[in-house]
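This is what each chain is made of:
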Amino acid sequence: MTSEPIVDAKLAQRRVPLIDGIDKVTGRARYTVDLDHADALVGRILRSPVSHGNIVRLDVSKARALEGVIAIVTGDDCPYTYGVLPVAMNEYPMARGRVRYRGEPIAAVAAIDADTAEQALALIEIEIEKLPAYYISEDARAPDAVLLHDNKPGNIEREVHHEFGDWQAALAQADLVREEKISCAEINHAQIEPHACLAEYDPLTERLLMQSVSQVTYYLHLMLSRCLAMDESRIRIIKPFVGGGFGARVEVLNFEIITALLARAAAGKVLMALTREETFLTHRARPQTDVTVKIGMKRGGKITACTCEVVQRGGAYAGYGIVTILYAGSLLQGLYDIPTLRYDGYRVYANLPPCGAMRGHGAVNTRHAFECLLDRMARELGLDPFEVRRANLLKPPLFTLNGLMVNSYGLPECLDKIEQASGWKERIGKMPPGKGLGMACSHYVSGAAKPIHWTGEPHAVVNVRLDFDGGITALTGAADIGQGSSTMVAIAVAETLGISLDRVRVVAADSAVTPKDNGAYSSRITYMVGNAAIDAAQKMKTILTEAAARKLEARPEDIEAIGEVFRVSGGGEQSSLPFHEVAKAALVDRGAITVSGTFTTPVEAQGGKHKGGAVGSTMGFSYGAQVVEVSVDDATGQVTVDKVWVALDCGHAINALAVEGQIEGSVWMGMGQAMSEETRYLDGLPAHASLLEYRVPTIVESPPIKVFIVESHDPNGPFGAKEASEGALASFAPALVNAIANAIGIDLDEIPVTPDRVMQALIDRRRQARLAQSVRAAS
Amino acid sequence: MHAPSPPPRKRLLRLKLNGRWREDAVAESDLLVDYLRDVAHLTGTKTGCDGGECGACTVLVDGKAVPSCITLAVRCEGCSVETIEGMATQGRLDRLQRAFHEKLGTQCGFCTPGMIMAAEALLRRNPNPSDEDIRAALAGNLCRCTGYVKIIESIKAAAEVTP
Amino acid sequence: MSTLASGLRVAHPHSIEEAIAARAQNPGSRFLGGGTDLIVNMRRQIDTPNALIDLSRVDEMAEIVAKGDILRIGAGVTIASLAGDASIAPYKAVVQAAEGIAGPGHRNMATVGGNLCQDTRCIYYNQSEWWRSANSFCLKHRGDTCHVAPQGQRCHAAYSGDLAPALLVFNPEIDIAAPKGCRRMPLADLFVEDGRAHLSLTEGELVVAVRLPAAPPPSAYAKVRVRGAIDFPLAGVAVALTSSGGKVGSLRIALTGTNSRPFLLADTDRFAGRAVDDKLLQEIDRLVQKQVQPMRTTTASSNYRRVAAAALARRLVAQLAGQGAA
Ligand SMILES: Cc1cc2nc3c(=O)[nH]c(=O)nc-3n(C[C@H](O)[C@H](O)[C@H](O)COP(=O)(O)OP(=O)(O)OC[C@H]3O[C@@H](n4cnc5c(N)ncnc54)[C@H](O)[C@@H]3O)c2cc1C
Ligand code: SF4
Ligand code: FES
Ligand code: FES
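Only a predicted model underlies this, so the values are computations on that prediction, with no experimental measurement involved.

K.L.:
It is not clear to me how helix α4 (residues 114-123) of chain A should be interpreted in this structure. Could you clarify?
P.N.:
Residues that lie three or four places apart on an α-helix share one face, since the helix turns once every 3.6 residues. Residues and elements named next belong to chain A. Restricting attention to buried positions, one finds in α4 the residues A114, T116, A117, A120 and L121. When α4 is viewed along its axis, its buried side chains cluster within an angular range of 165 degrees and face the same direction. The secondary structure elements touched by the buried residues of α4 are β1 (41-47), α3 (61-65), β3 (69-74) and β5 (105-111).

Quick look at the structure:
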């Protein structure tokens, strides 16, 4: 009677290793460059040596004549623009007429081997008539600056001006008004796998197979079709194992289109493996940003108004720019109660590699500036940093001023958790010299409620399949790039069906078999694909339950399924059936079963009605808060992060192990941006284009990170879950800068806080003190 | 018509790869990582940078962890070279592999083979490493996904298992 | 897919004599220590030898031998073995410097000779062929202007080896082998203040060993860099200090990362007999700031390297004096 159902122990503990983890630890996992390319040609790209100019001559005839060169393509071979936003595609895979940044592709070669391909590149003759080039926003915006794009006056891709409520009156009512200008350097995703793709064109069937490092194979599919003028049905995209993305591979990248063009021109297979330097040149990451933020505050810490100006140096092409500059403003809301708000955003063109989306897309730099200012004002008012944040909490469910929907809100609990764990109350103000504590909060969307390509289709579709073998196969277009999305799908299906995880196989991101998915961006997969997977599994469960009911001669509503056993509730041993028998019964008369689950966001979740109001809208925000403990060496300017306590409200941890991994990874990535990472261009050439000069933190200076998971059970999330991969990132940098202020009494206005910047601040302070002294002496 | 330069002359390289002696023709300019991936077809060893900066290509040469992307293949004549493919034997995961899998020491997996090889060299030398020992031994291996927290946990868990 | 120019030849001599002969036969060749500097540079085509003389099988260069009042470190000894060798332990600065070089994988391959002789560095130079060619190259390699100091006629690329300053404070000599025979000279004389030609070796000369005097004074090495590992020093400082009764006996300070050569700070004799107090530390600070010449060869500002070098020198002197008193 009381025989325990077989429950999957790992599922029950919610600590499930990745379903493809074994492939990764054994070296079996095949990433793009590991795919069989024995008969593939080698692709290489010729890149612009100048920042800005008109191509007056491009002669590939000598290169074409080199033995072993099979194909050469140039801008002439592709007259179609590409891009991620249908309204802003102003980029060609290879320059046509004009080059706008050093490193921009001009031509490409497919040859029998690397040596030949490189010799061919050297034989291509180009002549470029130089134009003035701009590397900082201010220069590009100067009245007499040459335009990068003729239809974009002032070299501005997009200006945003949003006003909500009477912010002027609210500022006037504040007890304290302060403004700060804070700058964040440009950074890069620096995923450890360099970019690569393998394209195969069969001239006989006129079909193209593309295998690439993509996060959104659907975009790649669309853009290949557009740029090669091929029918979408003749293209197949497969995503092999991908070594990280963090946003780098959301947009379609020039080398992917170029490789497809080469494969078609060569009538064969071409492997394009970019160097680390080229991977940096491809860029599409977080722009250099100047944030000027002003807050009006009551004595008790309540915010009355906020105004914020953001200038992003977006690089040479539109890319994601419009979305990034909108995010930077819209996500000022959704974390605290800000009753009035003004936002002015400027996305500026410059002669540098185009920026794009990166983990925490758009939100990170504004959040940094805001949280720094909040702390500085709290200090002035004699308030504790926790107190000032608690004075501004939201009271959900609600819609923010700019129309963002907030249902679940675990921020208060996050604050309690880290305050307690870090011993904040006992320690703050009592740290030894050079040591400090700082804190900050952040949030992020669980999937953009309105996708970029609005087609009227559901936001996510997952198919679940059952055949004679009794295996359950989940088919999803969602790209697992290391974040573990396929594992999440497997868990969602297994839990819903009440079966063991081992029975579930996930097939992901192969356009020939998996349903289209909008891809791995804006932390949408768990929320949207998770819900779609549950929906599909529920449909499958209905079918299985009906089959079990038929077999057991019971009513379907009396059947319960736990641990791979279907039974009549309250019945004995005889009234139960193991999974495989139910599966067989379900196949009778109808054969193999495929059900389709979907997820769609309701209109009210899709943001405000104002222009750009959809950006930032989501079904649910994750909420994070962290405390950072630092030591500052005031002789050398070196900062050490001693420890981090972080709490994240992810709604519900479907897999706590994976959630921890995502939180640790995002906090740490925030640390990289805050401490050491930045791109540096020397007249448009990237001085940072290596993993020596682009300083991703090593394990040595990476601190212990204590993670607390907060579960606010979102009413619409899959099992109540929200996102967990991005929300904690943005609070690291402000927590660090606030901790440094606590340690040495200096407010730093620039990140990363490299030793030279800290030292400069120390020197400036000494100079000011001396000056003040001499002024006093003279008076 | 330009003629490309002739392919380089090759010579025989004899080494013990994952416990088995073998002999292959290699160019003297071949790097060890090229030999492993293109000649021996062991693609578990990864490359993440343009030379010597990330540790993804770490393998063991005579038991020592080295970056194979700046090691000449011909230098390994007579040496024992071990890669990630040599770690699992007879269908059983090695203790580090198991720990990295179960403790989520791997996310995207791209740094993982190099990490595991560097950790293996450490555990052979120091069976009970402290957090600081682990940090020192993996200082040349960059990971962009994990923040290293679970990598350290994985290695500590593996150290508790007798090999 | 090969990432080094095909056609490269590699010789594997077994003795110093064979190595010298092989090098002499091949005017376009280079000695190969661990290759952690050279192979990286070859992959970027900033060095394009047609042949390499692999020193890893020259056993006589891979030993550390104490003989009389000299500790002789073979130039082929790896950085990892150097750091772990018991006979080196008294030379604290050397151990500290060795432990901080690059990453552990590099240290398993890299050699003492290679570390001393490593090329100078500059953000305009340690870049790919495409990068440098887009920038019309530079004075150091294939070009005719220096992007760091366009008016000048010299290269300011920074010497960034950690080991040299740590050795220099002990006043060592080096043994050099050459086709014409062997010679010995102070290590300090190996280095020249010229980023383009920073070694005084002539074509075909091989550094065979470093000779450290026995009974070393207390010493320490520290460097500043952005990350806790891998990064080259933005400034590195070694100090050796003897003191008695709280007074300075002899003080030697050597620097790296700030100039085109590692060098011993001049004029430290004048501190002999003085107490290590704030005044003295300030003078040291000023002396360092005066003698270092960092230029814009790194992404960190040159002023930072100047100030940080001075701060490290001050700190190490104070630290060693403190230990002496204790
Ligand atoms: C990512 C990275 C980080 C690094 N970080 C540091 C660091 O922090 N500190 C540091 O000091 N170095 C660093 N290095 C540089 C390098 O690893 C070390 O300098 C190393 O010690 C060089 O030794 P090697 O034996 O590998 O030299 P090799 O590369 O073999 O040789 C370097 C040069 O010296 C010549 N040479 C070698 N041996 C001799 C000899 N016996 N006589 C004459 N000439 C000889 C070679 O011909 C070559 O020109 C780093 C390198 C990398 C790739
Ligand atoms: S200092 Fe000048 S000459 Fe020397 S490497 Fe740098 S740019 Fe070239
Ligand atoms: S591939 Fe990066 S160190 Fe070898
Ligand atoms: S797991 Fe992705 S780089 Fe380490």
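The structure having been displayed, the exposition proceeds.
K.L.:
Mind showing me how you'd approach the interface of chain A and chain B here?
P.N.:
It is common to report an interface's size as the accessible area lost on association of the parts. Of the residues lining the interface, 60 residues belong to chain A; the matching set on chain B comes to 46 residues. With both chains or domains summed, chain A and chain B bury close to 4,400 Å², and 62% of this area falls on carbon and sulfur atoms. When residues of chain A are sorted by the area they lose upon contact with chain B, V25, I192 and I699 of chain A head the list and together hold 19% of the total. Inspection of the region where chain A meets chain B yields 21 residue pairs in polar contact (both at pLDDT 80 or more). Elements represented by at least two residues in the side of chain A that touches chain B include exactly α2 (21-26), α3, α4, α9 (276-282) and α18 (656-675) of chain A. If one sorts the elements of the side of chain A that touches chain B by residue count, α18 of chain A sits on top with nine residues. Residue composition of the side of chain A that touches chain B, by class: 31 nonpolar, 18 polar and 11 charged.

K.L.:
Got a minute to help me understand the interface of chain A and chain C in this structure?
P.N.:
Listed per partner, the contact involves 37 residues of chain A and 34 residues of chain C. Surface buried jointly by chain A and chain C totals about 2,800 Å² across both partners, of which 60% is contributed by carbon and sulfur atoms. Applying the counting criterion to the chain A and chain C interface returns two salt bridges. With a shortest N-O distance of 3.2 Å, R695 of chain A and D231 of chain C are connected by a salt bridge. Summed over the shared surface of chain A and chain C, the number is 16 residue pairs in polar contact (both at pLDDT 80 or more). For the side of chain A that touches chain C, the secondary-structure elements that each account for two or more residues are β1, α4, α9, β29 (685-686) and α20 (755-778) of chain A. If you tally residues by element for the side of chain A that touches chain C, the top one is α20 of chain A, at five residues.

Definitions and limits used
Residues numbered from 1 in each chain as written. Chains lettered and ligands numbered in written order. Predicted model: local features only at pLDDT ≥ 70, side-chain atom pairs only at ≥ 80, totals over all residues. Heavy atoms only, no water. Buried < 20%, exposed > 50% of the residue type's maximum accessible area, 1.4 Å probe, protein only. Helix = DSSP H or I, 4+ residues; strand = E, 2+ residues; numbered from the N terminus. Arc of directions from axis to C-beta. Contact = heavy atoms within 4.5 Å. Buried area = accessible area lost by both parts, 1.4 Å probe. Polar contact = N/O pair within 3.5 Å; in protein donor to acceptor, adjacent residues only side chain to side chain. Nonpolar A, V, L, I, M, F, W, Y, C, P; charged D, E, K, R; others polar. Salt bridge = Lys/Arg side-chain N within 4 Å of Asp/Glu carboxyl O.

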